[in-house]
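# Remarks on the overall topology
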Amino acid sequence: MDALIEKKILMGNLFRARFPFLYISTWEEDRALEMIRSIATNAEWIKTPREVITWTVTNGLTGEGITKKDTKAPIQALDYIEKYEKPAIFVLHDFHVYFGEDGRLPDFQIIRKLRDVISSLKQSANPKNVVFISPVLRLPVELEKDITIVDFQLPSAKEIRQSLNEMILVNQEHGRIEMNLDEQGREVLVNAALGLTLAEAENAFARAMVEDGKLSVKDVEVILEEKEQIIKKTGILEFIPSKLKMEDVGGLENLKRWLRKRDKSWLESAREYGLPAPKGVLLTGVPGCGKSLISKAISEMWQLPLLRLDIGKIFSGLVGSSEENMRKALQTAEAIAPAILWIDEIEKGFSGLNTNGDSGTTSRIFGHFLTWMQEKEKPVFVIATANNISALPPEMLRKGRFDEIFFVDLPTHRERVEIFKVHLHKRLQNEEIKGTFQISDYNLNTLAQITEGFVGAEIEQVVIDGLFDAFYENRSVTMKDFEKVCSQLIPLSVTQQEQIKRIRDWANVRAVAATPREDRREYKSNMEECEAGVLSSRGGRTIDF
Ligand code: ATP
């Protein structure tokens, strides 16, 4: 069923069940009002059709049945609502300003009056409801139990398409644009605008049209640019344009296989096959081993947009209320779906739950996030990374939230070979710099052998520092340059031995190793392959995909 129809039926039920206060947090007042009007007049959804009466501080109550004019003051308006005797839905705009926060105190008189109105709303002979529409969500504690929050989704592809078609029609009638757009082209533009409000989408289309007086599929760039700007303005979500490929990530073959098997799982054909869209993965492990790297590479592999959610900003209080930030971020991700939502260092947001004295805000946001993870139907693949897993609440790790928890350990010999290969190929493209140095199996194995215990980031550092030495002396690089850096670098695995042991112990019970069994072989000094002694002491269970 169409999501909008579903929402209308749900709201119709709430109206019928006499829920006194509903709260819609949105910038799209007109769209929300239009939806309420269509519910209010539809006997099938609401049983008793009712008039929709709006209130703003500038106009007071406005509607056909309103006779009195002096209702600009909220108390007067509420008084009027209390005594009103016909079936009605009252839509009150921007009441959040009376609910406090942002340096303002709540208006206790208005809050009390709202509580007084409840019995009239519930018991009047004719049904009455109140809907608050505000760009921000703010709930006074006194009304928390009486207000029902209604999620108002961003426009669907169907709604955006309708609006685009109308714009094209009007502009063509006036001979203002040259059209070079077939059905498929329209679909591309509409999909690019997903995640925007209707007004934002219309602005983006308008900009695309006026720039050269034409509308073609090439304008997708303009729309994506506009979308990037708008999403950036939220301050919480960020588009990460990633060209990084899976081949740029050395090792972690088990994780890569798991991901590869889920490629195309977003397509209709997968659904027809009876497959649900994957929920997401949690990547934990030793810092600097490629968790962020692989998160970016998934976007390229699956050809899906990558959105980074800054969990720190959600709680920072810098941009709006934390609860609303989370709600809006998830809504935007859903509107853009299919998409990848990357939550870097997730523990930063949800650690110390219930202990930071924020009157339950963190727990509520956490609860909302978990429910969303469990129940989400839109194809938003969550990739969460965490270094300090002990800080994560156990509920997050329970089955049903993430499809799998992967542990990214210190790279094994084979993986170090792969990581060296990636970085040497990347940096040694100039034959003059390369000189006689060969990226041969022998050299790679030697480098891997002398870097046991190095993380990927340190291996990259070895390559860079080796090149620096050669550059300083104005010559080609040699194996000796790299060997020298290796001998001088004290890896993280030495300085943070205890911590690594702790996270490995944790992972042995709860996570799957990102490294497959075959890569967990080590090399003896004479380069013979053998089963690694460290295999058992490494973190993560061996389940090969
Ligand atoms: P942190 O949690 O500290 O951010 P991380 O596990 O997310 O660590 P990355 O940020 O992905 O680590 O790695 C840092 C850099 O190290 C990467 O940009 C990359 O250059 C290099 N690197 C790490 N692991 C790998 C790898 N497996 N293959 C290739 N390069 C790697």
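Residues numbered from 1 in each chain as written. Predicted model: local features only at pLDDT ≥ 70, side-chain atom pairs only at ≥ 80, totals over all residues. Heavy atoms only, no water.

### A short note on the confidence of the model for the chain
Residues with a pLDDT of 70 or more make up 92% of the chain, whose mean pLDDT is 84. Taken element by element, the chain is modelled with least confidence in strand β17 (residues 529-531), mean pLDDT 47, and with most confidence in strand β4 (residues 88-93), mean pLDDT 96. Segment residues 525-536 is flagged for pLDDT under 50; beyond a separation of four residues in sequence, or across chains, it makes 19 contacts in the model. (pLDDT = per-residue confidence, 0-100. Helix = DSSP H or I, 4+ residues; strand = E, 2+ residues; numbered from the N terminus. Contact = heavy atoms within 4.5 Å.)

### Structural notes on the site of the ligand
The local shell around the ligand holds 16 residues, among which G250, G288, S292, N387 and E460 are the closest. Interatomic distance of 3.2 Å between a backbone N/O atom of G290 and an oxygen atom of the ligand. Across the complex, the protein chains shield 80% of the 620 Å² of accessible surface that the ligand would expose by itself. Of the residues that make up the shell around the ligand, three or more belong to each of domain 3 (277-405) and domain 4 (413-493). (Near = heavy atom within 4 Å. Polar contact = N/O pair within 3.5 Å; in protein donor to acceptor, adjacent residues only side chain to side chain. Areas by Shrake-Rupley, 256 points an atom, 1.4 Å probe, with all protein chains shown as cover. Domains from an automatic or database assignment.)

### Considerations on a negative patch on the surface
There is a patch of like negative charges on the surface, built from E29, D30, E34 and D94. Inspection of the secondary structure puts D30 in helix α2 (residues 29-40). (Patch = residues over 30% accessible without salt bridge, like charges linked within 9 Å, V, L, I, M, F, W, Y side chains within 5 Å. Salt bridge = Lys/Arg side-chain N within 4 Å of Asp/Glu carboxyl O. Lys, Arg positive; Asp, Glu negative; His and termini not counted. Charge placed at Lys NZ, Arg CZ, Asp CG, Glu CD.)

### Some details on helix α22 (residues 479-488)
Within the span of α22, buried status applies to M479, D481, F482, V485 and C486. Looking straight down α22, one finds that the buried residues subtend no more than 165° of arc, so they occupy a single side. In α22, the exposed positions angled more than 90 degrees off the buried face are occupied by K480, S487 and Q488. Elements in contact with the buried residues of α22: α18 (413-427), α20 (441-449) and α21 (456-472). (Buried < 20%, exposed > 50% of the residue type's maximum accessible area, 1.4 Å probe, protein only. Arc of directions from axis to C-beta.)

### A look at the domain arrangement of the chain
Here the chain is described as being made up of domain 1 (3-150), domain 2 (157-234), domain 3 (277-405) and domain 4 (413-493). Relative placement of domain 1 and domain 3: their C-alpha centres are 33 Å apart. The interface of domain 1 with domain 3 comprises seven residues on the first partner and four residues on the second. When the two sides are added together, the surface that domain 1 and domain 3 hide from each other amounts to roughly 470 Å², 46% of it contributed by carbon and sulfur. Its largest share of buried area at the contact with domain 3, domain 1 owes to S25, L137 and I149, together 60% of the area lost on that side. (Buried area = accessible area lost by both parts, 1.4 Å probe.)

### What to know about the pairing of strand β11 (residues 306-309)
For a regular strand, the rule is simple: side chains alternate between the two faces of the sheet. With three bridges joining them, strand β9 (residues 237-239) and β11 adopt antiparallel strand pairing. Each residue of the ladder has a partner; that of L237, found in β11, is L309. Bridge count for β11 against strand β12 (residues 339-343) is four bridges, and the pairing is parallel. Across the sheet, the residue bridging to L309 is I343, located in β12. (Pairing = 2+ DSSP bridges.)

### What about helix α9 (residues 220-233)?
For α9, with 14 residues, the first-to-last C-alpha span of 20 Å sits near the 20 Å given by 1.5 Å per residue. Listing the buried residues of α9 in full gives V220, V222, I223, E226, K227, I230 and I231. Seen along its axis, α9 keeps its buried residues to an arc of 165°; they face one direction. Those residues of α9 that are buried lie in contact with α7 (183-193), α8 (198-212), β8 (214-216), β9 and α14 (322-336). Of the residues flanking the end of α9, it is G235, one or two places downstream, whose phi is positive at about 75°. (Expected span 1.5 Å × (residues − 1).)

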